[in-house]
There are 2 protein chains.
Amino acid sequence: MATIKDVAAHAGVSFKTVSRVINRHPHVTDAVRQKVLRAIEDLDYRPNIVARNMRTRKTEYIGLITDQIMTTPFSGAIIKGAQEAAWTSGIMLLTVNTDGQPELEAAAVNMLLERQVAGIAYATMFHKAVAPPAKLTDAPCILVDCFSASGELPAIVPDEMQGGYDATRHLLSRGHRRIAMINGKRGYPGTEGRLNGYRKALESADLAYDEALVRFGDWWQEDGYHHACCLMKLPDPPTAICCGNDRIAMGVFAAVHELGAAIPDDVAVIGFDNMEVIAAHLRPGLTTMALPYYEMGQRAIEYLTGDRCDDLQNGRRIELPCLLIQREST
Amino acid sequence: MATIKDVAAHAGVSFKTVSRVINRHPHVTDAVRQKVLRAIEDLDYRPNIVARNMRTRKTEYIGLITDQIMTTPFSGAIIKGAQEAAWTSGIMLLTVNTDGQPELEAAAVNMLLERQVAGIAYATMFHKAVAPPAKLTDAPCILVDCFSASGELPAIVPDEMQGGYDATRHLLSRGHRRIAMINGKRGYPGTEGRLNGYRKALESADLAYDEALVRFGDWWQEDGYHHACCLMKLPDPPTAICCGNDRIAMGVFAAVHELGAAIPDDVAVIGFDNMEVIAAHLRPGLTTMALPYYEMGQRAIEYLTGDRCDDLQNGRRIELPCLLIQREST
DNA sequence: TCTCCGCTTGACAACGTTGTCAAATTGAAT
DNA sequence: ATTCAATTTGACAACGTTGTCAAGCGGAGA
């Protein structure tokens, strides 16, 4: 590999002048610049970023630590968003998948710090409270799709309440008055946030909250199937079901079809997650709330690069909105 | 950040001695080593990998350029395999998603070369011929799930023929003698390789190749549906269908159900890809050939790190086997 | 005690780049 | 022609580490 000195010798100038050309510094005459550029071309010279980073004592790297994100289809968009935001800032992302194992996480943080990353984003597969590795805070950091139990770390999460609210408002706007919810497991931010949104939306329409219509499962198809069967057999069954995710919705579809009812005419169904393979392939297509994975990844990197001046001091967090994806099930 | 010199001063030794301790070099007395280790602990010192890389003129980075892999659920395992292989070698992966845009690819290669990567893997979402960016060969490189048209670059690809062969042999072993194939688009390595495997398997069972039973589509659900309908209406319909991928199989399921036939009793169905969300959630579960994505990613990195002495000179390539995932549809 | 050898330690250069500062050159104004 | 300021260029140090080599030290054998 040619170095800056080779270029200088080839162009007949000092290597400092070459440095100036490379970095587009002022005070280089056009003639000299051309000479240098030609030499760079001739020698197929590429600046050695490692050496540059060494001298300037900053790197163009940002770390991204994920738990199982890489393996799952949906939250993978976090990585994509982060990747693309980094790319537009000329930064490279160092992605490490730890499968959530604490020792791996600590090792990953260490590896990133040794490499002098400008910051670290720590992302999880689904929205939850986490205890990130201690050394994480040795670099500027941000939590993505999760938050620290103590709440002092900057975080970017989905606005679950708005999601639940908008989903329910959508069903209301379609004329439904008896709206059920088959939610995920209690205690999770997603479950509780969406539940609150659901209640708020009902309130906004002067509808009473009916406990019989609200059920909690484990985010699986089977839960959706089971609870949908129960709900449909109520004396006064719901005309719409808001599901905690698309897999639950898939189960609801199965139950509704089995009972000989039609979607959306007899029951409208809305999901959460917008998992392409499910939502777009169910018949009818599933209306669902897309979580802002891509945007969360993007915002995290923008925060770390300082491209956007988000104030996340003192436990403040960014809540990004969920987006209604309208298909045929509502 | 503390440097090696700070540690040396704190421990009362020369900074070279600290370097020796860090790198586990011999010729350091235990007493000194302990002193140094304590100083490292005290100052929370972490070696600066950037500086080390600068001095040793190698880096612990390998680049991974992908087209749309990140966005798609299935071939994402390539990244995972690469990631984990890199991790076990203490190497960090620099992943760039280019969406297949040539200018982005060239820029990505440049960015990686500037960062002095030890090698570059270039992976595609599905098995095909590619024309990778010219500068790719400025570093050790390998193609993953693709190959160069001219054939001179090292490549790791799935063994499509073995896949088609094993899939068909599996159906034969289940007693089927009239086996159809709904394949992908002609001209693609996957399509042609699996077709050849299918023919070989028939031959191995002394069965004639019947053109009427072999169909080509575009890898979509609709193609599977359409061709399955045609096949089932033949005077002598097949008792088993080998599908070019799981989406096609999904369409076949729909057609078979609609015609009132049962899987696997009336028709056995086998797919390709093992897309969890489809294969595991269809009823009955879909038997399918899993492509060796994870292994391809892993092998690519092992090749680049030299952890495994694969000889890929002169256009030789590694073909990794597809794996039968048995579920209930056969 | 002296010599020699092997182990331990340290001084210094080097990696390829950018920052600092001074020297050289140019051009305008006198 | 001379001066002065502004522009252009280059010499050198510095970043934090590892490689090279020489010096110091301790112990065994004479």
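Quantities reported herein were computed from a predicted structural model and do not represent experimental measurements.

Concerning the protein's contact with DNA strand D
- The local shell around DNA strand D holds 29 residues, among which T17(A), R20(A), I4(B), Y45(B) and R55(B) are the closest.
- At 3.1 Å from a phosphate oxygen of DNA strand D is found a main-chain nitrogen or oxygen belonging to T29(A).
- Put simply, the parts of the chain that give the surface near DNA strand D at least two residues each are α2 (15-22) and α4 (49-56) of chain A together with α1 (4-11), α2 (15-22) and α4 (49-56) of chain B.
- The residue makeup of the surface near DNA strand D, split by class, is 11 nonpolar, 10 polar and 8 charged.

Comments concerning the sheet that holds strand β10 (residues 287-290) of chain A
Residues and elements named next belong to chain A.
- Strand order in the open sheet formed by 6 strands is β7-β6-β8-β9-β10-β12, and the pairing between neighbours is mixed. Pairing within the sheet leaves two strands with one partner each, and these edge strands are β7 (214-216) and β12 (323-325). The mean angle between the axes of side-by-side strands here comes to 20°, regardless of whether they run parallel or antiparallel.
- Two strands pair when backbone bridges link them, and strand β8 (residues 240-243) and strand β9 (residues 268-272) are joined in this way by 3 bridges, in the parallel orientation. Across the sheet, the residue bridging to C242 is I270, located in β9.
- The strands that helix α8 (residues 189-204) touches are β6 (179-183), β7 and β9; relative to β6, the one it contacts most, it runs at about 175°.

Structural notes on the domain arrangement of chain A
- Segmentation of chain A into domains returns domain 1 (4-47), domain 2 (61-158 + 293-320) and domain 3 (160-290).
- Averaged C-alpha coordinates put domain 1 of chain A and domain 3 of chain A at centres separated by 64 Å.

Observations concerning the pairing of strand β5 (residues 155-158) of chain B
Residues and elements named next belong to chain B.
- Burial along β5 is two-sided: the face carrying A155 and V157 and the face carrying I156 and P158 are both buried.
- Pairing of strand β4 (residues 141-148) with β5, which is carried by 2 bridges, proceeds in the parallel orientation. Bridge assignment links V144 to a residue of β5, and that residue is I156.
- Bridging between β5 and strand β11 (residues 317-320) involves 4 bridges; their strand directions are parallel. Following the sheet pairing, A155 is matched in β11 by R317.

About the thresholds
Residues numbered from 1 in each chain as written. Chains lettered and ligands numbered in written order. Predicted model: local features only at pLDDT ≥ 70, side-chain atom pairs only at ≥ 80, totals over all residues. Heavy atoms only, no water. Near = heavy atom within 4 Å. Polar contact = N/O pair within 3.5 Å; in protein donor to acceptor, adjacent residues only side chain to side chain. Helix = DSSP H or I, 4+ residues; strand = E, 2+ residues; numbered from the N terminus. Nonpolar A, V, L, I, M, F, W, Y, C, P; charged D, E, K, R; others polar. Pairing = 2+ DSSP bridges. Axes fitted to C-alpha atoms, helices over the stretch in contact; angles between N-to-C directions. Contact = heavy atoms within 4.5 Å. Domains from an automatic or database assignment. Buried < 20%, exposed > 50% of the residue type's maximum accessible area, 1.4 Å probe, protein only.

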